[in-house]
Each structure stands twice: as C-alpha cells, then as structure tokens.
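So you can see what is in the structure, the chains are spelled out below.
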Amino acid sequence: AQRVTQPEKLLSVFKGAPVELKCNYSYSGSPELFWYVQYSRQRLQLLLRHISRESIKGFTADLNKGETSFHLKKPFAQEEDSAMYYCALSGGETSGSRLTFGEGTQLTVNP
Amino acid sequence: NAGVTQTPKFQVLKTGQSMTLQCAQDMNHEYMSWYRQDPGMGLRLIHYSVGAGITDQGEVPNGYNVSRSTTEDFPLRLLSAAPSQTSVYFCASSQGYGYTFGSGTRLTVV
C-alpha cells in the first residue's frame, strides 16, 4: 500500500524566512513524488515533480529514499506563497497514474 | 483548450436526493479520477478510470457511482445523498504523471 504523511497541518512563517514543508511516504517500490499547490479557492496545480529536479517559484524538493522523505523548501518565503500544499505519490507503472495525496499543509506567510 | 471542466460549481442537496456531478476534459487523456477534499484529510480517491469503458474503485467509493462511456466524460453520481458527503469534489485527468484538475464542485447535503 502507498501512503503519504504531512505531519504539519499548519505552518506560519514571516516573509523572507526560510520555509520547509515536510512530506514522508511509504511505498515498497520506486515511487514518483510530487508537490501540488492550491491557492485560496482555486484548483490544484502541479508545483514540482521529483524526476524533473527543477525549481519552481523558488521551491525545491529532494527525494531522500533512505529517509523516505520529499520535503519542500524555499530559502526566502514570500506572501504570495501562502496556500495549501499537498505532497503526492504515484506508484509508477505498477499502479498506472493513480495518485495518493497527503493531508496537506496550510502555509501562511506573514508580512 | 478548456482543460478539465466541472459542473456545477456549487450545489445544495437534501438528504436522500440523487445528483450527477459532471466532468469533461478535452485533452484526450486516458486516465480520469474523482477526489473529495475534506479539511485535515487531504484528497481521497473516490473512483478512477484508465480508459473508456473501464472504471475502478478508489479509497472511498461507497455512495458513489461512475461510468466512462467516452474518453472525454467521467460523471460522478451520488445515489442517495448523505450529510457525510458534504465536501469539495475535484475531477482530474492525466496522460502519464501530470495531473490536470478541474475547479471543483462544492457540495452541501442538508
């Protein structure tokens, strides 16, 4: 079974401070990990895919298979980063495109 | 290119009523799915489809039916609405690993 855990439901930081949103997963094979973002009352948007190893809006995430983690980081938070962030896992070819989401972390960046 | 379109955006139902949430995509994606979003529980998979004529249950399928007669459409039917089905419902489609989400349907069952 595949499972994603985001231990922090709420995270509040000040503008310009570093931010880290935690994500841990359990999966027996080789997973694909994603971060999705949902701004207030909008649809979910893909933020990052671990296989692309890119930086979007200053956010990065590294897959740590030893710790089964995929934490999302940004060195200097901005007010426009305030949103709900979801970590998600796909089991790859063995489970098609099925995505399992974590519970979500609501990030608030204060001025 | 509209992407994934969901209707209606808002709906209030009485307990026991039935209704269908519509979802359509114009990207020729094979994979479509329905999620419900509840506070503190993230998004939970209700039903999904890997292609026309093929559907399967997700994590929380009870009380919901789906069908996939065409590649474009994937409606979600509530058979007899219950207050526990009050939620925000998202439809998504995918071809590979990138998901495109609809704007959601906010459903209240009273």
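See above for the structure.
So, how was this worked out
- Residues numbered from 1 in each chain as written.
- Chains lettered and ligands numbered in written order.
- Predicted model: local features only at pLDDT ≥ 70, side-chain atom pairs only at ≥ 80, totals over all residues.
- Heavy atoms only, no water.
- Buried < 20%, exposed > 50% of the residue type's maximum accessible area, 1.4 Å probe, protein only.
- Helix = DSSP H or I, 4+ residues; strand = E, 2+ residues; numbered from the N terminus.
- Pairing = 2+ DSSP bridges.
- Contact = heavy atoms within 4.5 Å.
- Salt bridge = Lys/Arg side-chain N within 4 Å of Asp/Glu carboxyl O.
- Polar contact = N/O pair within 3.5 Å; in protein donor to acceptor, adjacent residues only side chain to side chain.
- Nonpolar A, V, L, I, M, F, W, Y, C, P; charged D, E, K, R; others polar.
- Disulfide = S-S within 2.5 Å.

1. Section: the pairing of strand S5 (residues 42-51) of chain B
Residue and element names in this part refer to chain B.
Thought 1: Extensive coverage of S5 is indicated by the burial of 9 of its 10 residues.
Thought 2: Here strand S4 (residues 31-38) pairs with S5 via 7 bridges, running antiparallel. What sits directly across from Trp34, in S5, is His47.
Thought 3: Linking two consecutive strands that pair antiparallel, namely S4 and S5, is a turn of 3 residues; a positive phi of about 75° is found at Gly40 within it.
Thought 4: Pairing of S5 with strand S6 (residues 54-57), which is carried by 3 bridges, proceeds in the antiparallel orientation. If you follow His47 over to S6, its bridge partner there is Gln57.
Thought 5: Joining the antiparallel neighbours S5 and S6 is a turn of 2 residues, in which Gly53 adopts a positive phi near 85°.

2. Things to note about the side chain of Ser69 of chain A
Residue and element names in this part refer to chain A.
Thought 1: Here Ser69 is to be found in the loop between strand S7 (60-61) and strand S8 (72-74).
Thought 2: Judged by its relative accessible area of 3%, Ser69 falls in the buried class.
Thought 3: Leave out the neighbours within four places in its chain, and Ser69 touches Cys23, Asn24, Tyr25, Asp62, Leu63 and Asn64.

3. Some remarks on the interface of chain A and chain B
Thought 1: Listed as interface residues are 21 residues of chain A and, on the opposing side, 22 residues of chain B.
Thought 2: Run the count over chain A and chain B and you get 0 salt bridges.
Thought 3: Remark: the boundary between chain A and chain B carries 7 residue pairs in polar contact (both at pLDDT 80 or more).
Thought 4: Mapped by element, the contributors of at least two residues to the side of chain A that touches chain B are strand S5 (32-38), strand S9 (83-90) and strand S10 (99-101) of chain A.
Thought 5: Partitioning the side of chain A that touches chain B into residue classes produces 6 nonpolar, 7 polar and 8 charged.

4. A closer look at the state of the cysteines
Residue and element names in this part refer to chain A.
Thought 1: A full pass over the atoms with the stated rule returns 2 disulfides over all chains.
Thought 2: Shown here is the disulfide that connects Cys23 with Cys87, its sulfur atoms set 2.0 Å apart. Residues Cys23 and Cys87 are joined by a disulfide whose S-S torsion is about -65°; by sign, that bridge is left-handed. Of this pair, Cys23 sits in the loop between strand S3 (19-21) and strand S4 (24-26) while Cys87 sits in strand S9, and the two are 64 residues apart along the sequence.

5. Observations regarding the environment of Ser55 of chain A
Residue and element names in this part refer to chain A.
Thought 1: Take Ser55: it is sitting in the loop between strand S6 (45-49) and S7.
Thought 2: Between the alpha carbons of Ser55 and Pro75 there is a distance of 12 Å; along the sequence they are 20 residues apart.
Thought 3: Setting aside anything within four residues of it in sequence, one finds Ser55 in contact with Leu48 and Thr60.

6. Some remarks on the sheet that holds S7 of chain A
Residue and element names in this part refer to chain A.
Thought 1: Spatially, the 3 strands line up as an open sheet ordered S3-S8-S7, and their pairing is antiparallel. Either end of the sheet is taken by a strand with one partner, and the two such strands are S3 and S7.
Thought 2: Examined bridge by bridge, S7 and S8 share 2 bridges and lie antiparallel to one another. Looking across to S8, one finds that Ala61 is bridged to Leu72.

So yeah, pure geometry; function would need other evidence.
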